[in-house]
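Chain by chain, the residues run as shown.
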Amino acid sequence: MSAEELSSLVQSWADGSYYNEGAGREDLFDKVREECGVFGVFGIPDAAALTYYGLHALQHRGEESCGICTVDSARPFESFKAHRGMGLVKEVFTKEALDGLSGDRAIGHVRYSTSGSSALANAQPLVFKYRDGDLAVATNGNLVNAPEIRAELEAAGSIFQTTSDTEVIAHLIARSPLDFVDAVKAALQRVVGGFAFLIMTNTKLIAASDPNGLRPLCMGRLGDGYVFASETCALETVGAEFVRDIYPGEMLILGEGKDIRVERFAPLKRRAVCAMEYIYFARPDSDVAGINLHAARKRMGSRLALESFVDADVVTGVPDSSISAAIGYAEQTGIPYELGLIKNKYTGRTFIQPSQELRERGVKMKLSAVRRVVEGKRVVMIDDSIVRGTTSRRIVNLLREAGAVEVHVRITSPPFANPCFYGIDTPDRKDLIASEKTVEEIRQAINADSLRFLSKEGFIEAVVGRVGAGAAVPVGAGAGIGASGSVGAGGVGDVAGGAGSAAAGGRGLNPSLLEGLEAAGLTPAEFEAALRINGGMCMACFDNDYPTPIEFANASKTCSC
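What counts, and at which threshold
- Residues numbered from 1 in each chain as written.
- Predicted model: local features only at pLDDT ≥ 70, side-chain atom pairs only at ≥ 80, totals over all residues.
- Heavy atoms only, no water.
- Helix = DSSP H or I, 4+ residues; strand = E, 2+ residues; numbered from the N terminus.
- Contact = heavy atoms within 4.5 Å.
- Areas by Shrake-Rupley, 256 points an atom, 1.4 Å probe, with all protein chains shown as cover.
- Pairing = 2+ DSSP bridges.
- Axes fitted to C-alpha atoms, helices over the stretch in contact; angles between N-to-C directions.
- Buried < 20%, exposed > 50% of the residue type's maximum accessible area, 1.4 Å probe, protein only.
- Parallel < 35°, antiparallel > 145°, perpendicular 65-115°, else oblique.
- Left-handed = near helix turned anticlockwise from the far one by under 90°.
- Nonpolar A, V, L, I, M, F, W, Y, C, P; charged D, E, K, R; others polar.
- Core = buried A, V, L, I, M, F, W, Y, C linked by side-chain atoms within 4.5 Å.
- Phe/Tyr/Trp six-rings, centres within 6.5 Å; stacked < 30°, edge-to-face > 60°.
- Salt bridge = Lys/Arg side-chain N within 4 Å of Asp/Glu carboxyl O.

Peer 1: Describe in detail the overall build of the chain, supporting the description with residues and values.
Peer 2: Counting its regular elements, the chain contains 21 helices and 23 strands. Partitioning the intrachain contacts of the chain with sequence separation of at least 6 by distance along the chain shows that 71% fall at a separation of at least 24. When the accessible area of the chain is evaluated, it comes to approximately 20800 Å², of which 51% is carbon and sulfur surface.

Peer 1: Could you give an account of the sheet that holds strand β7 (residues 193-201), with specific residues and numbers?
Peer 2: Reading across the sheet, the 6 strands line up as β5-β6-β7-β8-β12-β13 and stay open at both edges, with antiparallel pairing between neighbours. Lying at the two open borders of the sheet, with one neighbouring strand each, are β5 (126-130) and β13 (261-264). Recorded for the sheet is a direction-independent mean angle of 20° between the axes of neighbouring strands. Bridge count between strand β6 (residues 133-143) and β7: 9 bridges; the pairing is antiparallel. Directly across from Leu143, in β7, lies its bridge partner Gly193. Lying on the sheet, helix α6 (residues 166-175) is in contact with β5, β6 and β7; it crosses β6 at an angle near 135°.

Peer 1: Describe the pairing of strand β17 (residues 314-317), and please don't skip the residues or the numbers.
Peer 2: Every regular strand shows the same layout, with side chains that alternate between the two sheet faces. Residues Val314 and Thr316 point to one face of β17 and Val315 and Gly317 to the other, with burial holding for every one of them. In this sheet, strand β20 (residues 378-383) lies alongside β17 in parallel orientation, the contact comprising 4 bridges. Among the inter-strand pairings, Val314 is bridged to a residue of β20, identified as Val379.

Peer 1: Outline the environment of Ala47, listing residues and values.
Peer 2: Mapped onto the secondary structure, Ala47 falls in helix α2 (residues 47-57). Distance from Ala47 to Asp72, taken between C-alpha atoms, is 9.2 Å for residues 25 residues apart in sequence. Residues within four places of Ala47 in sequence aside, it is in contact with Val41, Gly103, Asp104, Arg105 and Ala106.

Peer 1: Could you give an account of the packing of helix α5 (residues 146-155) against α6, with specific residues and numbers?
Peer 2: Relative orientation of the contacting elements α5 and α6 amounts to 45°, with a least axis distance of 10 Å. Looking at the two axes, α5 sits oblique to α6. Between α5 and α6 lies a crossing of left-handed hand. Here Ala146, Ile149, Arg150 and Leu153 of α5 come into contact with α6, specifically with Val168, His171, Leu172 and Arg175. Grouping the constituent residues of the contact of α5 with α6 by class yields 5 nonpolar, 1 polar and 2 charged.

Peer 1: If you had to explain the sheet that holds β20 to someone new, which residues and values would you point to?
Peer 2: Strand order in the open sheet formed by 4 strands is β17-β20-β21-β22, and the pairing between neighbours is parallel. Two strands close off the open sheet at either side, each with one partner strand: β17 and β22 (450-453). Neighbour-to-neighbour, the strand axes of the sheet open up by a mean angle of 20°, direction not taken into account. Here helix α16 (residues 439-446) sits on the sheet in contact with β21 (406-411) and β22, set at roughly 130° to β22.

Peer 1: Can you break down the nonpolar core residue by residue, with the values?
Peer 2: Met276, Tyr278 and Phe459 are the most contacted members of the largest nonpolar core, which has 48 residues in total. Listing elements by their share of this core, those giving two or more residues are β14 (273-274), α9 (275-281), α10 (293-307), α11 (323-333), β20, α17 (456-464), β23 (537-538) and α21 (540-543). Ranked by the residues each element gives to this core, the list is headed by α9, at 6 residues. In this structure, Leu135, Leu143, Leu172 and Ala187 belong to the second largest nonpolar core, which totals 31 residues.

Peer 1: Run through the environment of Val191, naming residues and quoting values.
Peer 2: When you line up the elements, Val191 lands in the loop between α7 (180-190) and β7. For Val191, a relative accessible area of 7% gives the class buried. Residues Val191 and Leu172 lie 19 residues apart in sequence; the distance between their C-alpha atoms is 9.8 Å. Aside from chain neighbours lying at most four places away, what touches Val191 is Leu143, Asn145, Ile149, Ile169 and Leu172.

Peer 1: Lay out unusual backbone geometry with the relevant residues and their values.
Peer 2: For the bond running from Gln124 to Pro125, omega is 5°, close enough to zero to count as cis. Note that Pro125 resides in the loop between β4 (105-111) and β5. Of note in the backbone geometry, Ala289 takes a positive phi value of approximately 55° without being a glycine. For Ala289, the location among the structural elements is in the loop between β15 (287-288) and β16 (291-292).

Peer 1: Describe the packing of aromatic side chains, naming the residues involved and giving the relevant values.
Peer 2: Two aromatic rings, taken as a pair, are described by how far apart their centres are and by the angle between their planes. Tallying each qualifying case throughout the model produces 7 aromatic pairs. Taking the centre distance of 5.3 Å and the plane angle of 75° together, the rings of Tyr247 and Phe527 count as edge-to-face. Taken together, the residues Tyr247 in the loop between β11 (241-245) and β12 (250-254) and Phe527 in helix α20 (residues 524-529) connect sequence positions 280 residues apart. For Tyr247, a relative accessible area of 4% puts it in the buried group. For Phe527, a relative accessible area of 5% corresponds to the buried category.

Peer 1: Could you give an account of the pattern of salt bridges, naming the residues involved and the relevant values?
Peer 2: Under the criterion given, the structure shown has 23 salt bridges. A salt bridge links Asp285 to Arg283, with the shortest nitrogen-to-oxygen separation between them at 2.6 Å. When the shortest N-O distance is used, the salt bridge between Glu331 and Lys298 registers 3.2 Å. Taken together, the residues span a long stretch of sequence, with Glu331 in helix α11 and Lys298 in helix α10 at a distance of 33 residues. Judged by its relative accessible area of 54%, Glu331 is exposed. Residue Lys298 is classed as partly exposed on the basis of its relative accessible area of 22%.

Right, here's the structure in full:
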């Protein structure tokens, strides 16, 4: 996207043209919310059951609704079926529901609504009848120019059945005079945002990633078939072997024979994986852009200890996403790690309470301090982020009520000061505590004895595996590199030599990575160049870097999903 296009979008955003209906909703734990998760199967018998297990592994990415659409390649125009429902995967998909979804191809979805109401009509995959048969669409992400395109389509006679921006893609495809694949390509070129799409017809399946790779999407192999997922943990769950990530601006077409056709609908200008995937969204057993989340979060904790050590008796992490970082902090400092906070996993999703008093009581339903661990102790509390500050204050007070004599808060990300331009469900900027207050003012607001955030440089270097001094290596630059920087052996490590080899023509790169880049139409040098800014991550929520600085003249709203 050019600077002029971004400027136009930002102006429309500030004027209120784009919105995020999910933004600002009350959440007891005051977290930035995941978008959604997608899972696809091609050429594997009993695809619905496989998708069920894949979606279960991705449940953390969306708990409001879910759905599966299947087709049998033996009778593709007779077997297109779908089942969707509100609630968790295990609640929506009974044995009877799965038995009705026969076929060897499927796409599935778990949803957290960042745009469009939380209603069955918006549950995905969205399924349509169009001129060439059946069409199903599932996406993880946000299309920031969807309202503009929707208004244009409605003026031309389109009738929308949902309030989800995903439906925009279906209309663009259905109205196009081009053949299906070219219609999808043209539709993807029209939309702006961060997205990972799975699109299925009676005969084809297409997987596509946005031009900057903001939303993760990977491919695995299982027997003679293929599996697609938002996170690698879902591949592990179903026993699929990881093949590679879907590259930014790339679409893979399956169903035209034994081979997968690879097309580019947009050039790769800059890779910008959402930083929050590393901080909070993705499961610790997943790899994003070749980097394991547990290992990365441990390095964040270790780097945080180097930047902001405090003498204390115990280290504890806020479950679940901060446990890895707390272990890293403890290992670096030598302060014992303890389970000072316990999360009750069985309270469900009914945490929205009608009064502040009940809301405060609800904190103790969800989270408990272990008195025997923290009583009389100086506690270092590790958390991944501070959004409004309400959660941090409640947890600090929980520890104090349990007898902690000091509570020192350490955050494994820079201050979260800006709403996400690409639609992660964040509050208005005026409600983000780091946009209004200094670190000292935040410390006072959350009732901590001390407060420190991980520096931007420390965060980047921790993610890519360089906790000590030295220039950061871009995210993904080490994916598949052997010798001095083996990923498969347990992390990126120091891959500077390997990254340099990429620029020199790919010497030292794993052949499978080179094959993937070649199939995607990318040279190693082009790929490395696209990774250089901020380690290949989008960090606009921390410093407005994406893709050029955004000026917030007025209190603004996040973009549409």
